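One-letter residues, chain by chain:
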Amino acid sequence: MAAQDVLSQTTRLASSSAVLQVLFRAVTFGLNAFTLRYLSRELIGVVNVRLTLLYSTVVFLAREAFRRACLSGSTKRNWTKTINLLWLTVPLGVFWSIFLGLVWLHLLEVPDPSVVPHYQAGVVAFGLSSIIELLGEPFWVLAQAHLFVRLKVIAESLSVVSKCILTVILVVLYPQWGLYIFSLAQLLYVSVLVLCYVTYFVMFLESPEATKKSFPVARMKALLPNWVQDETFVNWKEARLTWSFFKQSFLKQILTEGERYVMTFLNVLNFGDQGVYDIVNNLGSLVARFIFLPIEESFYVFFAKVLERGKHVKEQRQDDVAMAANVLELLLKLVLLIGLTITVFGYAYSQLALDIYGGSMLSSGTGPDLLRCYSLYVLFLAINGVTECFTFALMCKEEVDRYNFVMLALSFTFLCISYFLTQWRGSMGFVLANCFNMGIRIAHSIHYIYGYFRESTHRPLAGLLPSPFLLLVYITSGVVTAFSEVSIC
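Quick caveat, the model's predicted, so the values are computed rather than measured. (Residues numbered from 1 in each chain as written. Predicted model: local features only at pLDDT ≥ 70, side-chain atom pairs only at ≥ 80, totals over all residues. Heavy atoms only, no water.)

1. Points about the environment of threonine 341
In this fold, threonine 341 is placed in helix 14 (residues 318–348). The class for threonine 341 is partly exposed, based on a relative accessible area of 30%. Along the chain, threonine 341 and tyrosine 474 lie 133 residues apart, while their C-alpha atoms are 7.6 Å from each other. If we skip the residues at most four places from it in the chain, threonine 341 touches Gly346 and Tyr474. Polar side-chain contacts of threonine 341 include one of 2.8 Å to the side chain of tyrosine 474. (Helix = DSSP H or I, 4+ residues; strand = E, 2+ residues; numbered from the N terminus. Buried < 20%, exposed > 50% of the residue type's maximum accessible area, 1.4 Å probe, protein only. Contact = heavy atoms within 4.5 Å. Polar contact = N/O pair within 3.5 Å; in protein donor to acceptor, adjacent residues only side chain to side chain.)

2. Considering the pattern of salt bridges
For the structure on display, the rule yields ten salt bridges. Across the salt bridge formed by lysine 314 and glutamate 455, the nearest N and O atoms sit 3.7 Å from each other. Placement of lysine 314 in the loop between helix 13 (286–306) and helix 14 and of glutamate 455 in the loop between helix 19 (428–453) and helix 20 (468–487) is noted, with a sequence separation of 141 residues between them. On the basis of relative accessibility, which here comes to 55%, the residue lysine 314 falls in the exposed class. Taking the relative accessible area as the measure of exposure, glutamate 455 reaches 46% and is therefore partly exposed. Salt-bridge contacts for aspartate 369 lead to arginine 372; the nearest nitrogen and oxygen are separated by 2.8 Å. Highlighted residues: aspartate 369 and arginine 372, both in helix 17 (residues 367–394), separated by three residues, approximately one helical turn. A cluster of three or more residues bridged by salt bridges with shared partners is formed by Arg63, Arg67, Glu133 and Glu137. (Salt bridge = Lys/Arg side-chain N within 4 Å of Asp/Glu carboxyl O.)

3. Topic: the nonpolar core
Core analysis: the biggest nonpolar cluster contains 145 residues, and Trp104, Phe201, Phe215, Phe303 and Phe390 have the highest contact counts within it. The leading source of residues in this core is helix 2 (residues 41–70), at 17 residues. Counting only domains with at least three residues in this core, you end up with domain 1 (1–266) and domain 2 (271–488). Those residues in contact with phenylalanine 390 that sit more than four places away from it in its chain are Phe303, Leu307, Leu328, Ile449, Tyr452 and Phe453. (Core = buried A, V, L, I, M, F, W, Y, C linked by side-chain atoms within 4.5 Å. Domains from an automatic or database assignment.)

4. Remarks on the packing of aromatic side chains
Inspection of the entire model under this criterion finds 21 aromatic pairs. Aromatic pair tyrosine 261 and phenylalanine 265: ring centres 6.4 Å apart, planes at 25 degrees, arrangement stacked. Residue tyrosine 261 and its partner phenylalanine 265 are located together in helix 11 (residues 258–266), separated by four residues, close to a single helical turn. On the basis of relative accessible area, tyrosine 261 is assigned to the buried category, the value being 14%. Residue phenylalanine 265 is classed as partly exposed on the basis of its relative accessible area of 40%. Each ring, one from tyrosine 419 and one from phenylalanine 420, has its centre 5.5 Å from the other, and the planes form 75 degrees; the classification is edge-to-face. What makes tyrosine 419 partly exposed here is its relative accessible area of 32%. (Phe/Tyr/Trp six-rings, centres within 6.5 Å; stacked < 30°, edge-to-face > 60°.)

5. Thoughts on the side chain of threonine 422
Relative to the elements of secondary structure, threonine 422 occurs in helix 18 (residues 397–425). Assessed through its relative accessible area of 8%, threonine 422 is described here as buried. At 2.9 Å, the side chain of threonine 422 and the backbone oxygen of serine 418 are in polar contact. Looking at threonine 422, its side chain comes within polar contact range of the main-chain oxygen of tyrosine 419, at 2.7 Å.

6. A short note on the environment of lysine 333
Its place among the elements puts lysine 333 in helix 14. For the pair formed by lysine 333 and serine 159, sequence separation is 174 residues and the distance between their alpha carbons is 33 Å.

7. Looking at the confidence of the model for the protein chain
Taken residue by residue, the protein chain gives an average pLDDT of 83. The fraction at 70 or more is 91%. Within the protein chain, helix 1 (residues 3–35) has the poorest average pLDDT of any element, 63, and helix 5 (residues 119–134) the best, 95. (pLDDT = per-residue confidence, 0-100.)

Written as structure tokens, this is what we have:
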């Protein structure tokens, strides 16, 4: 596939992903705001921090490394071996689900049953949901590698909306069910998600379009594990790259969810404060999920296809290098503008936003200061997403292995800083620690990008330098919005 075609399809994927995510998430945003009026802070804390951490940890450790390895390089490969490798995520997920489930049940503090009933059932349900979701992993990777523009977003959006609708119904009709409500909703979410992918491929593989596109998989049976006669079961080059990414993903998960691990294992906040923190965290990260994540996932595929992993810039096709550099610079300009806008306006209107969303439960206390701090963190998230997606798409195996040592040191430092900052500033300490974490990761990615393009004429990092006029506009906007909050809100 030509680089220009890849760019076109990647742009469509990112833009349609962002638009559809905004549309469907707007519905769930309203439904979540409604359910907040019926739930206790403690129940929200257990579900959104403790149980969601179990689910995200199992899924991340079981599949993240496989995704990065199997999405690298060309789509012209032995897909039977790649699919075989991807099915290994399921037994790996079973192992992590059982192991971590026992930790969650027997080593962590158990919530008061009178406040948060049915905790054990919730742990089992969220662990099971992670295994169900991994059953759809080969379908997800195949769709992402071939740039199926709307499938991923529609599948995720339908599953999220289904989950929210069931949650609202059960919260209103059976509020005494406690964690049973969220367990059933979580199982419905992953079931709808996997069913969407399976249904799509059943219909697609039977259509003339699959033959017209010379799709590498001809029938559904080929999406199951298959032995290749006189050949190895998996592609060992992909398997070794997967192992390198697995070591990295383990550390990245600690950095990504570090504050939740500190809250869960060190008990620095009670379940009620954890609930408020998670609500503010979700509200503050809306832009990251709506816009930054689709951009990062889509353009990781673009950079991985246009430029060859591990090759020096002079060994690449120069037209492709020029296109990649131009796209990277434009992406950096885009996310910088979005991040600065969120930082300026989010700082001023945090209390108003929380009062509208969750009432006095959120707008009083530490909630507004927490969201103001998070507005700054969004700027770090914006830049880190784009710089890391380029860096990870181009790193060779040896560079990935070296970066793992950097991540190891950063993980330990981040956890220590999180603990001490929460002792000093409460839940705000987590956001400040995340800013530090993202700053270090951005510095590493910028160093890699600068070194990669050093011997070329391209300077994509110029996208991180706003003009003096633009800075003046944002400073003026910050002063005006801060004054309006004091005088009007």
